[in-house]
Amino acid sequence: MADLKLSETRDLTRIERIGAHSHIRGLGLDSALEPRAVSEGMVGQTSARKAAGIILQMIKEGRIAGRAVLIAGQPGTGKTAIAMGMAKSLGLETPFAMISASEIFSLEMSKTEALMQSFRKAIAVRIKEETEVIEGEVVEIQIDRPAVAGAALKTGKLTMKTTEMEGVYDLGAKMIESLGKEKVQSGDVIAIDKPSGKVTKLGRSFSRSRDYDAIGPQVRFVQCPGGELQKRKEIVHCVTLHEIDVINSRTQGFLALFTGDTGEIRAEVREQIDTKVAEWREEGKAEIVPGVLFIDEVHMLDIECFSFLNRALENEMAPILAVATNRGITTIRGTNYKSPHGIPIDLLDRLLIITTQPYTKDDIHKILDIRCQEEDVEIAEEAKALLTHIGVETSLRYAIHLITAAALACQKRKGKVVENEDITRVYNLFLDVKRSTQYLMEYQEQYMFSEASIGDGDEDGTSAKLP
Ligand SMILES: Nc1ncnc2c1ncn2[C@@H]1O[C@H](COP(=O)(O)OP(=O)(O)OP(=O)(O)O)[C@@H](O)[C@H]1O
């Protein structure tokens, strides 16, 4: 473990999803952390957004570890939306890991291992490295052909310049190959990492912009660099502890990050990594960036997981933990005890609680308006009012779901703008929870194993109570 393997895998952890929350671009707060009425896709829910903003500030300052927040509220009141808003407001360098509690119950690894991996996905390490680079515009590449083919290794010369100086470097076979692979030609601005010999093409020099007729649209023009050809540069890698764990724990290394097939990581590997990272911190080579771990539907965790969380929050490298639930007073999984939100009191006591409130008609109207824009659906004012009414009477989620369906109905009748008739059509095609329950009540004898009173054991919390 003398050298930990690191790699730039940032792209893997930040995949933007298009879906229920794609319209959320932040928390919609101003610089004084006051919520704007409608901003960054966020509507209403002002006190919860403001509270989330304060938490965000704590995270950005980066010195607080092991705090936890609970976002509690009725179904569809924007708990996940607020968490997404927090994620979007954090810079790219602060990790945000998001899981739904039920995801940790898998056959491949224990629940606590899955939780541990999620925790470590939410902690990043910024590692600073100084390296020598040669950076400049290529003036000429000259490759000496050996007299007899294959008789000797290729050699050559590379002439590079900055705005102030010019230098000639001898090329060995390896460098010739790297330059060839990158298709480097004179007029390109390149950087060569001296220790590894890695060649990076930065673009084409502006001075050559008129030389070529056949320059494709992808060509990036850059200025010829100034100053010395050879420079010391500070390079910052930002990786999560989980990525370091995976890369160091298996023979297939980082490929496991693509497949998600990471398996269990041995405790010794983690210990060694933690020791190494602590060493780097002492030497000033690395910094810890605690991020956010968001666990949605947290009531799905069981008592073992809750005690794990209690302990994990005490670690000095713990991220900020945000959890959300729509449950009231209910049984803690794995016990016969009831507790608020299905969370044990000792953990609950550590949480700062943010509550979300049901939406007003006006809020629902604005959210539906934003969703129509997001889904690129043109809708008549009257139809939007009808959809808002449906949202108030049923649920915001149901109304949001009807948007695309109504747009398809509109397309089918060759219309351009969604009208009342399209909304009515899809309203009759797709039932909401209330109507579906009514139907069940009417025809329950014809269903199998039907019992008149549905218990409180439903897992998504959306079922309406029967009379
Ligand atoms: N304040 C808001 N501004 C804009 N969109 C919102 C807002 N609140 C909720 N939404 C949108 O409404 C839908 C439902 O909200 P969300 O999924 O966040 O609810 P939830 O409280 O997490 O519900 P559940 O308890 O059922 O998980 C989502 O598409 C979400 O993006």
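Residues numbered from 1 in each chain as written. Predicted model: local features only at pLDDT ≥ 70, side-chain atom pairs only at ≥ 80, totals over all residues. Heavy atoms only, no water.

### Examining the overall build of the protein chain
So, step 1. Assigned secondary structure in the protein chain consists of 15 helices and 17 strands.
So, step 2. Expressed as a percentage of the 467 residues in the protein chain, the buried residues total 44%.
So, step 3. For the protein chain, contacts bridging at least 24 residues in sequence account for 67% of all contacts bridging at least 6.
So, step 4. Entry remark: accessible area of the protein chain is about 26000 Å², with carbon and sulfur atoms responsible for 52%. (Helix = DSSP H or I, 4+ residues; strand = E, 2+ residues; numbered from the N terminus. Buried < 20%, exposed > 50% of the residue type's maximum accessible area, 1.4 Å probe, protein only. Contact = heavy atoms within 4.5 Å. Areas by Shrake-Rupley, 256 points an atom, 1.4 Å probe, with all protein chains shown as cover.)

### A short note on the site of the ligand
So, step 1. Around the ligand sit 21 residues, and of these Val-43, Lys-79, Thr-80, Tyr-359 and Arg-397 come closest.
So, step 2. Side-chain polar atom of His-23 to a nitrogen atom of the ligand: 3.0 Å apart, as the coordinates give it.
So, step 3. Isolated, the ligand exposes 630 Å² of accessible area, and the fraction of that covered by the protein chains is 96%.
So, step 4. Only β2 (42-43), α3 (79-89) and α13 (396-412) provide two or more residues apiece to the shell around the ligand. (Near = heavy atom within 4 Å. Polar contact = N/O pair within 3.5 Å; in protein donor to acceptor, adjacent residues only side chain to side chain.)

### A look at the pattern of salt bridges
So, step 1. With the rule as written, the count across this model stands at 28 salt bridges.
So, step 2. Three or more residues joined by partner-sharing salt bridges are found here, namely Glu-113, Arg-120, Asp-245, Arg-270 and Asp-274. (Salt bridge = Lys/Arg side-chain N within 4 Å of Asp/Glu carboxyl O.)

### Quick word on the packing of helix α6 (residues 241-249) against helix α8 (residues 267-282)
So, step 1. It is at 10 Å that the axes of α6 and α8 come closest, and there the two elements cross at 125 degrees. Between α6 and α8, the angle is such that the two are oblique. Between α6 and α8 the crossing geometry is right-handed. Across the interface between the two elements, Leu-241, Ile-244, Asp-245, Asn-248 and Ser-249 of α6 pack against Val-269, Arg-270, Ile-273 and Val-277 of α8.
So, step 2. Class assignment of the residues belonging to the contact of α6 with α8 gives a composition of five nonpolar, two polar and two charged. (Axes fitted to C-alpha atoms, helices over the stretch in contact; angles between N-to-C directions. Parallel < 35°, antiparallel > 145°, perpendicular 65-115°, else oblique. Left-handed = near helix turned anticlockwise from the far one by under 90°. Nonpolar A, V, L, I, M, F, W, Y, C, P; charged D, E, K, R; others polar.)

### Re the confidence of the model for the protein chain
So, step 1. Looking at the protein chain as a whole, the pLDDT averages 83, with 85% of positions reaching at least 70.
So, step 2. In this model, residues 7-18 is a region of pLDDT below 50 whose contacts with residues beyond four sequence positions or in other chains number 23 contacts.
So, step 3. Predicted confidence for residues 454-467 stays below pLDDT 50, and this span has 18 contacts to residues more than four positions away or in other chains.
So, step 4. Across the interfaces of the predicted complex, the ipTM metric reaches 0.96, alongside a pTM of 0.72. (pLDDT = per-residue confidence, 0-100.)

### Considerations on the environment of Lys-154
So, step 1. Looking at where Lys-154 falls in the secondary structure, it is placed in the loop between β5 (123-144) and β6 (155-161).
So, step 2. Along the sequence, Lys-154 and Leu-171 sit 17 residues apart, while their C-alpha atoms lie 8.5 Å from each other.

### A few points about the sheet that holds strand β14 (residues 320-325)
So, step 1. One open sheet holds the five strands; their spatial order is β4-β13-β14-β3-β17, and the pairing between them is parallel. Only two strands of the sheet have a single neighbouring strand rather than two, namely β4 (96-100) and β17 (351-356). Put simply, the sheet's adjacent strands are angled 20 degrees from each other on average, direction ignored.
So, step 2. With six bridges connecting them, strand β3 (residues 68-73) and β17 associate as parallel partners. Opposite Leu-70, over in β17, you have Ile-353 as the bridge partner.
So, step 3. Contacts between helix α2 (residues 46-61) and the sheet are confined to β3, β13 (292-296), β14 and β17, with β17 contributing the most and set at about 145 degrees to the helix. (Pairing = 2+ DSSP bridges.)

### Digging into the packing of aromatic side chains
So, step 1. Tallied over the entire structure, the rule returns four aromatic pairs.
So, step 2. Taking the centre distance of 4.7 Å and the plane angle of 45 degrees together, the rings of Tyr-439 and Tyr-443 count as tilted. A residue pair is termed a helical-turn pair when its members lie 3 or 4 positions apart in one helix, as Tyr-439 and Tyr-443 do in helix α15 (residues 433-443) at four residues.
So, step 3. According to the relative accessible area criterion, Tyr-439 is partly exposed, its value standing at 41%.
So, step 4. One Lys or Arg, Arg-333, reaches over the ring of Phe-105 and ends 5.0 Å from the middle of that ring.
So, step 5. In this structure, Arg-435 packs its charged tip against the face of Tyr-427, placed 3.6 Å from the ring centre. (Phe/Tyr/Trp six-rings, centres within 6.5 Å; stacked < 30°, edge-to-face > 60°. Lys NZ or Arg CZ within 6 Å of the ring centre and 35° of its normal.)

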